[in-house]
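Summary of the model geometry
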Amino acid sequence: MAKTSLEDFKALVRRAGLALTPEQIDEIYVGWGHVEPMFERIRSYGRDRAAEPAHVFRPDFFTQDAAKEG
Amino acid sequence: MTHIPTIAEAAALLAARKISPVELASQCLDRVAALNDTLHAFITVTAERAMDDAKAAEARLMAGTPRGRLDGIPIAHKDIYATRGIATTAHSKLLKGWVPTEDATTVRMLAEAGTVMLGKLATHEFAFGGPSFDLPWPPARNPWNPDHFTSGSSSGTGAAVAAGMILGGTGSDTGGSIRGPASLCGIAGLKPTYGLCPRTGILPLAFSLDHAGPMAWTVEDCALLLQHMAGFDPADPGSADRPVPDFTAQLGQDIKGKRIGVVRHWHETDAKVSPAVQKGIDGALAIWKDQGAEIVEVVLPSLFEYQAANFVIITTEGYSLHEPWMRTRFNDYGELLRDRMVMGALMSSSDYVQALRRRAELCALTAAATKGVDILVTAGAPAEAPRIDSVPKWANLQNPGFTNPFNITGWPAMCVCSGYGEGGMPVAIQIAAKPFQEPLLLQVAHAFEQAAGLRNRRPELATVPPQIGKTLADAGLTLPASDMAGLGAVVEELRAGAAALRGPRSYANEPAATFQLPAGT
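Here we summarise the structure given alongside this text. Since this is a predicted model, take the numbers as computed values, not measurements.

Brief notes about the interface of chain A and chain B
Opposite the 27 residues of chain A that make contact, chain B presents 31 residues. Of all elements in the fold, only helix 1 (6-15) and helix 2 (22-43) of chain A reach the threshold of two or more residues within the side of chain A that touches chain B. Looking at which element gives the most residues to the side of chain A that touches chain B, the answer is helix 2 of chain A, with 11 residues. In the side of chain A that touches chain B, the residues fall into 17 nonpolar, five polar and five charged.

Structure representation (structure tokens):
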């Protein structure tokens, strides 16, 4: 059972710009109940405010062709 | 019984000119013709292209200029790999009719190695939603029992390799899509280190988790394919710019002194596996111990932790790709893809970044807990394949996958057949190594596979001589899998019996029954 109310869930769907039938919303709402606990797992670890994400930006990737051409 | 060669065996036969690439391709195409109506492993069969490739390989072999051990080997590609001039559908209505103008980098590399391309293979829609029954093509079926699931998303590759339609093929793996079908179809499947194999030209599911990799009958065959899939690709921002090692170099070397860590709590507590899977893991540990490895227990974060980060990253990255169609053509997707992928539309930007930060923590925790350990071992899948019509829509949310940790960490991991369950379907172990340690991973997996001796058994329907299966298919006869298996068992006896009946007799010998006019006529 999702913690988000069905009304709030419908608001999320509207905000995403999706045109779903009431049946589709009900069906996906069931799945949302399985997804919500995942948010707790990725958020609540008291991590350092400055902890970086796993992905890094590599500016040299976009200049490698230019570098090769000299 | 028809023996289906491994890639290594076929390479030796080709080199010795005991079989020609054309004969080998014809056998595989006959098996495709015989079995595809049952297994639905292929979406597109490129028979003409295959014969052209095979003839070219044959010419090179006859001229003494083969390109290597893959020259003349029949393969096929998951239908998210772009193939120049050949439809690439992602098993979706949305891409029906799309014909790429370029090959994916890995498709090109395997073609340059001399492989013979038989076609494009079924996948879960866009490598995410399946098994689906509301798409333009049916889902692939498991050759060990076509009423059962292949797992996915590289479902067609798993089915086609197990059934001997191809000797090897390509897959992709974002949460376990190579290793799942390898586990349930009883073959070997390798998800390499993130960045080892170029992703260019492969339709993405989630950029930062997508891996390309090989699937084949044996560990050695995976090594042979990987040799021609790995390499730096400047067009792929995740590609690793480092030398490609010889992936077969350590096969057969002893594993004495290697430290193998078993993540027992994953398969005994977090997601308890079936007795057959447990037996396979325990058996593998006993084999490696006998071979001189040291077995240690490793404790890592719960499977649920990796699953949470994996799912949030997949659906947010994936939804960003699909957003335009999701908003305008929602119902053109299959129900499973659209209902799962839409979760990404409902998450916040913070959810995505928190998942990336959690990913960094999980990578660090995994590395710290495995210092001094060479290899990790756990299950490939929780049990043998369920019926294909019994897979719940939210299965991948309700139960954590054993494969997710190595998408999150990017470590190489492979699944290898470790036995059979009560229903006669295969089960698998999963073996993982540190980043870019594929030669060691393959060495340890090969040592197990050789000792376990499980590679002589194929699905029964694959043992029907391909020409007989093709004849039945040409006659419009689609026999149930059980009947096909029965044919495989008796066909050699029938042939022998028929040969004996032809035995030497006089030219004029009459048959037992003669034509006779009724009396009085």
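What to know about the sheet that holds strand 3 (residues 116-121) of chain B
Residue and element names in this part refer to chain B. As summarised here, the arrangement of the 11 strands in space is 1-3-2-4-6-5-10-11-9-7-8, forming an open sheet in which the pairing is mixed. Of all strands in the sheet, those with a lone pairing partner are strand 1 (42-45) and strand 8 (294-297), marking the two edges. Averaged over all adjacent pairs, the angle separating strand axes in this sheet is 30°, with direction ignored. As paired elements, strand 5 (residues 188-191) and strand 10 (residues 413-420) share three bridges and run antiparallel to each other. Note that in strand 10 the partner of K191 across the bridge is A413. On top of the sheet, helix 2 (residues 21-39) reaches strand 1, strand 2 (74-78) and strand 3; it is set at about 20° to strand 3, its chief contact. Relative to strand 10, helix 9 (residues 275-290) is tilted by about 105°, and along the sheet it contacts strand 7 (259-262), strand 8, strand 9 (375-379), strand 10 and strand 11 (426-433).

Observations concerning helix 1 (residues 7-15) of chain B
The α-helix winds at 3.6 residues per turn, so residues separated by three or four positions along the chain end up facing the same way. Residue and element names in this part refer to chain B. Listed in full, the buried residues belonging to helix 1 are I7, A8, A10, A11 and L14. One side of helix 1 holds all its buried residues, which, seen down the axis, span an arc of 165°. In this structure, the buried side of helix 1 is in contact with helix 2, helix 3 (47-62), strand 4 (168-173), strand 6 (211-216) and helix 7 (219-226). In the segment just after helix 1, R17 is the residue with positive phi, at about 60°.

Points about the environment of B:P181
Residue and element names in this part refer to chain B. Within the secondary structure, P181 sits in helix 6 (residues 179-185). Separated by 267 residues in sequence, P181 and F448 place their C-alpha atoms 20 Å apart. In this structure P181 touches T150, S151, G152, S154, S155, T157, G158 and G189, once residues within four positions along its chain are discounted.

Brief notes about the nonpolar core
B:V416 and B:I431 are the most contacted members of the largest nonpolar core, which totals 154 residues. Residues within four places of B:I431 in sequence aside, it is in contact with B:I375, B:V377, B:A413, B:M414, B:V416, B:L441, B:V444 and B:A445.

A word on the environment of B:P143
Residues and elements named next belong to chain B. Position of P143 among the secondary structure elements: in the loop between strand 3 and helix 5 (155-162). It is 22 Å that separates the C-alpha atoms of P143 and A10, two residues lying 133 residues apart in sequence. Discounting residues that sit within four places of it in the chain, P143 has contacts with L39, A159, A162, A163, C185, P459, L461 and A462.

What counts, and at which threshold
Residues numbered from 1 in each chain as written. Chains lettered and ligands numbered in written order. Predicted model: local features only at pLDDT ≥ 70, side-chain atom pairs only at ≥ 80, totals over all residues. Contact = placed C-beta atoms within 7 Å. Helix = DSSP H or I, 4+ residues; strand = E, 2+ residues; numbered from the N terminus. Nonpolar A, V, L, I, M, F, W, Y, C, P; charged D, E, K, R; others polar. Pairing = 2+ DSSP bridges. Axes fitted to C-alpha atoms, helices over the stretch in contact; angles between N-to-C directions. Buried ≥ 20, exposed ≤ 12 C-beta atoms within 10 Å, placed from the backbone. Arc of directions from axis to C-beta. Core = buried A, V, L, I, M, F, W, Y, C linked by C-beta atoms within 7 Å.

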